[in-house]
Each structure stands twice: as structure tokens, then as C-alpha cells.
Amino acid sequence: MNLIIESLNLKLKYPFRISRQTRTIQNNLLVILEDEEGNYGLGEASPQRYYGESIRSARTALRGMSKYLLSLPLPINGCGKEGGHIEDITNELQRRFPADASARAAVDIALHDLVAKKLNIPLYEFLHLNPDRFRVTSFTIGLDGVSIMCKKVEDARDFPILKIKLGVKNDIKILEAIRHKTDATLRVDANAGWTVSEAIRKINTMKDFGIEFVEQPIPPGSIDGLKKVRDNVDLPIMVDEDVKTSKDIASLVGAVDGINIKLMKCGGIREALKMINVARRHKLKVMLGCMIESSVSITAAAHLTPLVDYADLDGNILITNDPFTGVIVEHGKLHLPERAGLGVVKKSPVD
Ligand code: MG
């Protein structure tokens, strides 16, 4: 097997601001995994400094993974033992490259794409998921001045669910102005921007604006803090920065209502499925989220949405130069291609 690594420099439509950073470009890596018979699978890594990765570290990790994949004795065939093979490979990658979650996600996604393509079935079918249950995604409104955020809300009128980035001084003013502009379902993501007391005060004020849930109110690492927030507010509390893999879930039980799973944090589809199972066992709500990503890895995550409560898969809609087309969004609803594998193809020049 051969792993080709390419740069994927994604340009954002608007500078994307959350409570801790602003960006105009997201540098990701595309991987193409080829086998001896000319089949190929696509994958993508979106390395995040916040989680200890960089383009350089991800590239180095992928080169190491490439060597390991080359050493595998047999072609990855399409049936029976296949799932087992993917599981074996991703477990070994986890053991060898524990700190490189997004790079592992790229290979994990490419393996799933390759195997489902060889079977000539869409990935959701390979995973035995019901295509009638693909979710409606939220659309993210990044932080900005109140009037610009309201303008972004107007531009997003096609989306029935909006995720509002907060975690700044004038949060309530922003939300009040946005609620005035739209009847859409609103979700709030503070991106760890509040203290415990600030979170309690703000969440209790914003519940009058019809908010569905609040994501990551306080900095990660304080389960007591999360519990205190949750015990003193009426809105459900989801965590994102506090949960990376299935190992992080059990300790959060009782302190939160649900978790936000991202392929780039957990290392790919295999671990995401494990996280969904663990979360369900603990009766937690599950959201599937994303970074700024192209249609390659956004489509991979979209295939899993029949298993979750909420989807926040808009990373590919926030960019202007997505080289690929895969999942299509209509009025927020995710529509997966019926093509084999991820169903992702290069955009034709007329698209
Ligand atoms: Mg978040």
C-alpha cells in the first residue's frame, strides 16, 4: 500500500473567530491511500495546535504511518475480516502515534473509504447505518461585532439550526440581537471562555432566548466546575474541549449532558464509533462536530450521523476553495451520496 500526502490549504469565507483565536486559512493535509490493485481511499487531517498538533507533526506522523502501512503483508480486501483488519491497523497506529490524532484520523478515513469502495457500497452501508436518519447540521456563526454577527445570521437563513460562538464580554447583547433576527434553533458554544460563576449567570440569562444547549462553558479540566454549572442552570451542558477519546467519557458522567465527538480529536471513525457506544451506555447525548475541513473528512463524519443526536458538520461550508464534493446540505439536512465509499469526488471545473 502507498500513502500519498498532499497539502490542503483551505480559505475561509469570513475570518473565523472563537473565544481564543481568529483564523483566515486552515492548513490541512489530504491523504490518498492506494493499494496494489489501483483502488484508493481518501482521508484528511486537520491538525490543531490546541490539541498539540501542527502541520509539521502531522506530516511526520503520516510519513511514519506510510512506512508501517507499506510493511503490511496483505492487501486489504473487502469482506469478512475487513472490519477486523481496519481495527487492527488503527489500534496499531494508536499505539505507535498516540499524540497524532488528526493524522491517524486521515488514515482511518482513507482505510474506510478504500474498503467500502472495494465492496462497492457507501460507507454508511458498510457500517450498517440507516440512510433515512442522516441529521440536520447546525451552521456556525463565528464571533464578531454584533452587527456583523447579525448579518451572518441573515445570510444563514436557509439553516434551521445555528451555533453561536460566544465567550466574550457582550455575549448576552449578541444573543439578544440574534434572537431578534431569527426564529432558528440556537445552540451556544462558549469555547471554554467563561468562569464557573460567569457561566451560571449568563446561561440563566440566556435561557429566555430559547437556547437548545450550551457547549463547553468553562476551560477543560474541571469536572467539579462543570458539575457546579450544570447543577445551577436549566439548559443542557455539552462538552467539546473536555472530551477527546472514549477514555475521557466516564469521568464526565453526572457533570454534563452530552459530548461533542470530532474525528480530528479522537483519531477517526473507529474511535468515534467506540465513543458513541460508551456515551450511550452512560445515557449521554452525542453530537458530531468538526474543525475547518474539506468535504473529505466532513463527509466521513456525516456518514455516522444516523447514530447521534446532533450534527455540527459545517466546516466545508465555511470555506471557499473546497476541492471536493461529497455530502450535500439542503436547508441544513445532510444528504450523503450513493456512490461507493465516502462518495467524495474531485469537483469538476464547472461546479
Ligand atoms: Mg465546540
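Residues numbered from 1 in each chain as written. Predicted model: local features only at pLDDT ≥ 70, side-chain atom pairs only at ≥ 80, totals over all residues. Heavy atoms only, no water.

S.K.: Requested: an account of the overall build of the protein chain, with residues and values cited.
M.R.: For the protein chain, the count of helices and strands is eleven helices and 15 strands. Taken over C-alpha atoms, the radius of gyration comes to 20 Å for the protein chain, in line with the 20 Å a tight globule of 351 residues would show. Residues counted as buried form 58% of the 351 residues belonging to the protein chain. Excluding contacts between residues fewer than 6 apart, the proportion of contacts in the protein chain whose partners are at least 24 apart in sequence is 67%. Of the accessible surface of the protein chain, which amounts to about 14,700 Å², a share of 50% is contributed by carbon and sulfur atoms. Both charge centroids of the protein chain, one from 48 positive and one from 45 negative side chains, sit 4 Å from each other. (Helix = DSSP H or I, 4+ residues; strand = E, 2+ residues; numbered from the N terminus. Rg over C-alpha atoms; globule rule 2.2 N^0.38 Å. Buried < 20%, exposed > 50% of the residue type's maximum accessible area, 1.4 Å probe, protein only. Contact = heavy atoms within 4.5 Å. Areas by Shrake-Rupley, 256 points an atom, 1.4 Å probe, with all protein chains shown as cover. Lys, Arg positive; Asp, Glu negative; His and termini not counted. Charge placed at Lys NZ, Arg CZ, Asp CG, Glu CD.)

S.K.: Run through the coordination of the magnesium ion, naming residues and quoting values.
M.R.: For the magnesium ion, the protein coordination sphere consists of Asp189 (OD), Glu215 (OE) and Asp240 (OD), at 2.1 to 2.3 Å. Counting residues between consecutive donors of the magnesium ion along the chain gives the motif D-x25-E-x24-D. Separated by 51 residues along the polypeptide, Asp189 in strand S6 (residues 185–189) and Asp240 in the loop between strand S8 (237–239) and strand S9 (258–262) bring together distant segments of the chain. Note on Asp240: relative accessible area 1%, which makes it buried. (Donors = N, O, S within 2.8 Å, 3.2 Å for Na, K, Ca; no water.)

S.K.: Tell me what's going on with the packing of helix H7 (residues 196–206) against helix H8 (residues 223–231), and back it up with residues and numbers.
M.R.: Closest axis-to-axis distance for the H7/H8 pair is 9 Å, and the angle between their directions is 25°. Overall, the two elements H7 and H8 adopt an arrangement that is roughly parallel. The element H7 and its partner H8 pack so that their crossing is right-handed. Across the interface between the two elements, Val196, Ala199, Ile200 and Ile203 from H7 touch Gly225, Lys228 and Val229 from H8. (Axes fitted to C-alpha atoms, helices over the stretch in contact; angles between N-to-C directions. Parallel < 35°, antiparallel > 145°, perpendicular 65-115°, else oblique. Left-handed = near helix turned anticlockwise from the far one by under 90°.)

S.K.: Which residues make up helix H6 (residues 171–181), and what values go with them?
M.R.: Every buried residue of H6 is listed here: Asp171, Ile174, Leu175, Ile178 and Arg179. An end-on view of H6 places all buried positions within 125° of arc, on one side of the element. Facing away from the buried surface of H6 by more than 90 degrees, the exposed residues are Lys173 and His180. Residues of H6 that are buried sit in contact with helix H5 (146–155), strand S5 (161–165), S6, H7 and strand S7 (211–215). (Arc of directions from axis to C-beta.)

S.K.: Describe empty space enclosed by the protein, naming the residues involved and giving the relevant values.
M.R.: Across all of its chains, the model carries two cavities of 30 Å³ or more by this definition. Each pocket or cavity is described by its volume, and for the largest cavity that value is around 300 Å³. Taken together, 23 residues form the lining of the largest cavity, with Phe16, Lys165, Lys262, Cys290 and Met291 sitting closest to its centre. For the lining of the largest cavity, the elements supplying multiple residues, two or more each, are strand S1 (2–18), strand S2 (21–34) and S5. (1 Å grid on protein atoms, 1.4 Å probe; cavity = no way out; pocket = protein on both sides within 12 Å on 5 of 7 lines; lining within 4 Å. Points joined across faces, edges and corners; volume = space filled by probe spheres on them.)

S.K.: An account of the nonpolar core is needed here, citing residue identities and associated values.
M.R.: Counting 116 residues, the largest nonpolar core has Leu162, Ile164 and Met206 as its most contacted members. The dominant element in this core, judged by the number of residues it contributes, is helix H3 (residues 101–119), at ten residues. Not counting chain neighbours up to four residues away, the residues in contact with Met206 comprise Leu166, Ile172, Leu175, Val188, Trp194, Ile211, Val214 and Leu235. (Core = buried A, V, L, I, M, F, W, Y, C linked by side-chain atoms within 4.5 Å.)

S.K.: Describe in detail unusual backbone geometry, supporting the description with residues and values.
M.R.: Here the phi dihedral of Asn191 falls at roughly 45°; this positive angle occurs in a residue that is not glycine. Notably, Ala192 is not glycine yet its phi reads approximately 70°, a positive angle. Along the chain, Ala192 turns up in the loop between S6 and H7.

S.K.: Any chance you could break down the layout of surface pockets for me, citing the residues and the numbers?
M.R.: Taken as a whole, the largest pocket encloses approximately 370 Å³ of empty space. Taken together, 22 residues form the lining of the largest pocket, with Gln94, Arg104, Thr245, Cys266 and Glu271 sitting closest to its centre. Elements with a contribution of two residues or more to the lining of the largest pocket: helix H2 (82–96), H3, helix H9 (263–266) and helix H10 (269–281). Here the element with the most residues in the lining of the largest pocket is H2; it accounts for five residues.

S.K.: Which residues make up the sheet that holds strand S3 (residues 40–45), and what are the values?
M.R.: Read across the open sheet, the three strands follow the order S1-S2-S3; overall the sheet is antiparallel. Edge strands, defined here as strands with exactly one partner in the open sheet, are S1 and S3. Between one strand axis and the next, the sheet turns through 20° on average, direction left out of account. Bridging between S2 and S3 involves six bridges; their strand directions are antiparallel. Looking across to S3, one finds that Leu29 is bridged to Ala45. Packed on one face of the sheet, helix H1 (residues 55–70) meets S1 and S2 and runs near 10° to S2. (Pairing = 2+ DSSP bridges.)

S.K.: Report on the pattern of salt bridges, specifying residues and quantitative values.
M.R.: Per the stated rule, a full pass over the model turns up 23 salt bridges. Asp189 is the salt-bridge partner of Lys165, the closest N and O atoms lying 2.8 Å from each other. In this pair, Lys165 is assigned in strand S5 and Asp189 in strand S6, connecting sequence segments 24 residues apart. The class of Lys165 is buried, set by a relative accessible area of 8%. Using a relative accessible area of 0% as the deciding quantity, one classes Asp189 as buried. A single network of salt bridges, built from pairs that share partners, joins Lys163, Lys165, Asp189, Glu215 and Asp312. (Salt bridge = Lys/Arg side-chain N within 4 Å of Asp/Glu carboxyl O.)

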